Each structure stands twice: as C-alpha cells, then as structure tokens.
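Residue strings, one per chain:
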Amino acid sequence: MSTLAIQTRLARLPGWTVLGLWSAAVLLPLYILVVSCFKTTAEIYENRLGLPQSWSFDNFANAWTRADLGQNFINSLIVTGGAVVLTIVVSALAAYPLSRYKLGWNGIMLGLFLSGIMLPIRLASVELFTLMRNLDLLDSLTGLILVYSAIRIPFAVFIFANFMRVLPSELDEAARMDGAGETRILFQIILPMVKPAVSIVAIFTAIAVWNDFFFPLIFIFDDRYKTVPLAISVFVGQFRTDWGLVFASLAISMAPILIMYCLLARQIREGVGAGGGMK
C-alpha cells in the first residue's frame, strides 16, 4: 500500500470513527426495542441485551387488545393526516406570495413566521387550553388537528418559501398569459415543482404529530378520542410497568412512520440536496 493511500485512510479515520459511534448509538436502542418486544417483563430485567427465550407474538396481541390500539390508530391517523394536509395547504398559500411577489413587507412577514419556530408553544399551554375550551374544541380530534397545524405552519412556510424562491418567475408569467389564476398557478405549477419541500414538510409534521403525548394528554379526556401515545401510557403504572407490552406497543406505533419515510425517502434526499444549494 502506498504512502498516499495510508495517509488518505488515516485522514478518514476520525470521520469513520464518529460515524461508527453514531450508528451504534442509533442501532443499539433499536435492537433493544426489537428483542424486548418478545420478552416478558422479568426477562427484560434479567437480561436487557440478550435474546428472548422464545419468540412469541403474545405481547403484540395483548398490547393491541388491552390498549384498544385499533381505535387509537384510527384517531392518530385522522389527526396526523389532517394536520399534514392542513399544514401543507395553508403554508403553501402563505409562502407563495412571500416568495413570488416583490413586496416591501415580505421580509417582515417571513420574520414573524420564523419567530413562531423559536417560541416554545408549551409555555402558552394554559392560554391555549382556555382558548380551546372557549371554542368548544376540547375532547375532539378537530381541536388537535388545528393545534398541530398552527404549531407546524411556521416551519413549513420557511421551507416552502426557500424552495419557491429559486423557481424562475417566467413560469408564473407564462401561466398568467394563458389565463391561469393564482390558485391554479400555485397548486398545478409551483407545488408539483417543489415536491421535495412537500415531502419534507409532510414527514416532519407527521413524526411530530404522531409521536406527541403532551397535547392529547391535556386536551383529550374521552377514551374514544385517545391517540396512540396515550394508549401506550396505560401500560406504565406507578408501582408496576409491563415493559414487554410497552415495547410491543412502541414497535407497532413505529410502523406507519417508517412506511411513510420509506415512501418519501427519495424526495427527502432530493430536498436536502436542493436545499444545500439555495442562497
């Protein structure tokens, strides 16, 4: 092996080391989750890293029935899907004039949207609860959808505005000459050309909404409207926790997000690559 090749490998060694440690930090919890799904609580305490004594799917069946995950899955799908669609539509409508029109207040408006990213919404939980109560939106999936959409819109506007800004203005002018209105230009011309941005907004919104425990906990009281994170919490008690069912429930709850990510992975990679070249 030449001296140059050795030097090149040595130069790459720190990067590979960091990558290896990061991979281990990600894969180890995933491994623990998978093997723990097939263990009893006693087995988990005795040997957390070892393989289960028998690969039984009883934990999955018990978790599904005892926590009523079927209904909770439907609730989470409705809330997540509604929040994703509403966030994309509203954010695209807001980002379109901010990125395509040359108006003096565009920078101020974009700054206001960006301030929404920096402000932690949980600090206003009391005021938000009062507002939801006055609007009769407590204990409803519609209320959750509106709250989650309002939280995610600032981030989505920032993403859409950056992607739309780099598109040539000739697209809009040509469409207007053909008689297209602004709504048609946005949804039939601009949005199809920024599919990576749509994918990024969709996956990040879906992950945040699907995994959230805080807002369903304070806004939902009826068991009929509970989401998956609330359903999983029934296995965690003050004096006893059935960890086998907890891990099985977590594995079940991860499936929709993993499937969604696999479907949108290519668009997300393209979006990240395109975003790196923006000015």
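Structure's up top.
For every chain, the first residue of the written sequence is number 1, and numbering continues from 1 onward in sequence order. Under the rules for a predicted model, residues below a pLDDT of 70 receive no local features and side-chain atom pairs below 80 are neither given nor counted, while totals for whole chains, interfaces and linings still include all residues. Hydrogens and water are ignored here; the side-chain numbers use all heavy atoms of the structure.

A. Structural context of the nonpolar core. Here the nonpolar core consists of buried residues drawn from Ala, Val, Leu, Ile, Met, Phe, Trp, Tyr and Cys, with membership extended through side-chain atoms lying within 4.5 Å. Per-residue accessibility, obtained with a 1.4 Å probe over protein chains only, is compared with the maximum for each type, and a residue is labelled buried under 20%, exposed over 50%, and partly exposed between these values. Ranked by size, the top nonpolar core spans 49 residues in total, and within it Phe160, Met164, Leu186, Ile190, Leu191 and Val194 carry the most contacts. For this core, the elements supplying multiple residues, two or more each, are α3 (58-66), α4 (69-100), α7 (141-165), α9 (182-193), α10 (195-210), α12 (228-232) and α13 (243-276). The residues touching valine 194, leaving out its near neighbours within four places in the chain, are Phe163, Met164 and Leu167. With 16 residues, the next largest nonpolar core counts Val79, Leu138, Phe215 and Leu230 among its residues. A helix here means a DSSP run of H or I that spans at least four residues, while a strand means a run of E at least two residues long, and both kinds are numbered starting from the N terminus. Two residues form a contact once any of their heavy atoms are found within 4.5 Å.

B. Highlighting the packing of helix α8 (residues 170-177) against α9. What counts as an axis is a line fitted to C-alpha atoms, over the stretch in contact for a helix, and the angles between N-to-C directions run from 0 to 180 degrees. Between α8 and α9, the least distance of the axes is 10 Å, while the angle of their chain directions is 140°. When the axes of α8 and α9 are compared, the pair comes out oblique. For the element pair α8 and α9, the recorded crossing hand is right-handed. Contacts between α8 and α9 pair Leu171, Asp172, Ala175 and Arg176 from the former with Glu182, Ile185, Ile189, Ile190 and Met193 from the latter. By definition in this entry, angles of less than 35 degrees are roughly parallel, angles greater than 145 are roughly antiparallel, angles of 65 to 115 are roughly perpendicular, and the rest are oblique. The crossing is said to be left-handed when, going from far helix to near helix, the turn is anticlockwise and less than a right angle, and right-handed when the turn is clockwise.

C. Quick look at the layout of surface pockets. Definitions used throughout: a 1 Å grid over protein atoms alone; a cavity as a set of points that fits a 1.4 Å probe which cannot get out; a pocket as an open set with protein on both sides within 12 Å along at least five of seven lines; a lining residue as one with an atom within 4 Å of a point. Grid points are joined across faces, edges and corners, and a volume is the space filled by probe spheres set on the points. Here the largest pocket defines a volume of roughly 490 Å³. The set of elements that each furnish at least two residues to the lining of the largest pocket consists of α5 (106-118), α6 (125-134) and α7. Counting residues per element, the lining of the largest pocket draws most heavily on α7, at eight residues. Ten residues, namely Ala, Val, Leu, Ile, Met, Phe, Trp, Tyr, Cys and Pro, are considered nonpolar, four, namely Asp, Glu, Lys and Arg, are considered charged, and the remaining ones, Gly among them, are considered polar. Considering only residue class, the lining of the largest pocket consists of 17 nonpolar, one polar and three charged. Reported here for the second largest pocket is a volume of approximately 290 Å³. Ile207, Trp210, Asn211, Val228, Pro229, Ile232, Leu250, Ser253, Met254, Ile257, Leu258 and Tyr261 are the residues that line the second largest pocket. Of all the elements in the fold, those that place two or more residues in the lining of the second largest pocket are α10, α12 and α13.

D. Summary view of the packing of α4 against α9. Their axes nearest at 11 Å, the elements α4 and α9 cross at an angle of 100°. It follows from the interaxial angle that α4 and α9 lie roughly perpendicular. Facing α4, whose interface residues are Val89, Ala92, Leu93, Tyr96 and Arg100, α9 presents Glu182, Ile185, Leu186, Phe187, Ile190 and Leu191. Class assignment of the residues belonging to the contact of α4 with α9 gives a composition of nine nonpolar, no polar and two charged.

E. Molecular detail of unusual backbone geometry. Positive phi, normally seen in glycine, also occurs at aspartate 136, with a value near 60°. On the secondary structure map, aspartate 136 appears in the loop between α6 and α7. What makes aspartate 136 exposed here is its relative accessible area of 65%. Phi at aspartate 139 takes a positive value of approximately 60°, unusual for a residue other than glycine. With respect to the helices and strands, aspartate 139 occurs in the loop between α6 and α7.

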